[in-house]
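# Architecture at a glance
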Amino acid sequence: QVQLVESGGGLVQPGGSLRLSCAASGSIFSIMPLDWYRQAPGKERELVASITSAGTTNYADSVKGRFTLSRDNAKKTVYLQMNSLKPEDTAVYYCNAYKKYVGNYWGQGTQVTVSS
């Protein structure tokens, strides 16, 4: 079993930065790939960034070069550093851990609002 708790969201001006954290419980964290998704009002949930258990990352084109995903297996935490934020980045951001035959786990989400 894995429980995920996101934090770090808030209100930021365009061009600003935020760092989201996703803290996990459970002994299997280190083998789980982790993703960040976001969902804006009236839109479908979209994949923002992914990190494998080995630390390989992938990003959506819309955030490439601005967002950086990392993980600290000792702290059972993943971090999403978001720079050069734009109003279109406004959404609820969700942490997800999924591995076939292990499970699919979601956090409760954290709101990110980019506005002047």
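Relevant structure appears above.
Read on for a plain summary of the structure. Along every chain, residues carry numbers that run from 1 in the direction the sequence is written. In keeping with the model being predicted, local features are shown solely for residues with a pLDDT of at least 70 and side-chain atom pairs are shown and tallied solely at 80 or more, while totals for entire chains, interfaces and linings include all residues. Side-chain figures throughout are based on the complete set of non-hydrogen atoms in the structure, without hydrogens or water.

## Section: the overall build of the chain
As a reminder, the rule being used: Under the scheme used here, helices are H or I runs from DSSP no shorter than 4 residues and strands are E runs no shorter than 2 residues, and both carry numbers assigned from the N terminus. Note on method: radius of gyration uses C-alpha positions; expected globular size equals 2.2 Å times residues raised to 0.38. For the charge count, each Lys or Arg is scored as positive and each Asp or Glu as negative, with His and the chain ends excluded. Throughout, a charge is located at the NZ atom of Lys, the CZ atom of Arg, the CG atom of Asp or the CD atom of Glu.
Each helix and strand in the chain was counted, giving zero helices and 11 strands. Shown N-terminal to C-terminal, the secondary structure of the chain runs as helices and strands in the order β-β-β-β-β-β-β-β-β-β-β. Its C-alpha radius of gyration of 13 Å places the chain within 12% of the 13 Å reference for a compact globule of 116 residues. Considering only C-alpha atoms, the chain reaches an extent of 40 × 25 × 20 Å along its principal axes. Within the chain, the 8 negative side-chain charges are centred at a point lying 6 Å from the centre of the 12 positive side-chain charges.

## Concerning the pairing of strand β10 (residues 103-106)
Let me state the cut-off plainly: Burial here depends on accessible area, computed with a 1.4 Å probe over protein chains only, as a share of the maximum for the residue type. Under 20% is buried, over 50% is exposed, and the range in between is partly exposed. A pair of strands is treated as paired once DSSP finds two or more bridges between them.
Taking every second residue as pointing to the same face, the buried face of β10 carries Gly103 and Tyr105, while none of Asn104 and Trp106 on the other face is buried. Looking at chain direction, strand β9 (residues 91-99) and β10 are connected through four bridges and run antiparallel. When the sheet's bridge partners are listed, Tyr98 is paired in β10 with Asn104. Joining the antiparallel neighbours β9 and β10 is a turn of three residues, in which Tyr101 adopts a positive phi near 70°.

## Details of the environment of Ser27
For Ser27, the location among the structural elements is in the loop between β3 (18-25) and β4 (34-39). Given the relative accessible area of 71%, Ser27 is considered exposed. Along the sequence, Ser27 and Gln1 sit 26 residues apart, while their C-alpha atoms lie 8.2 Å from each other.

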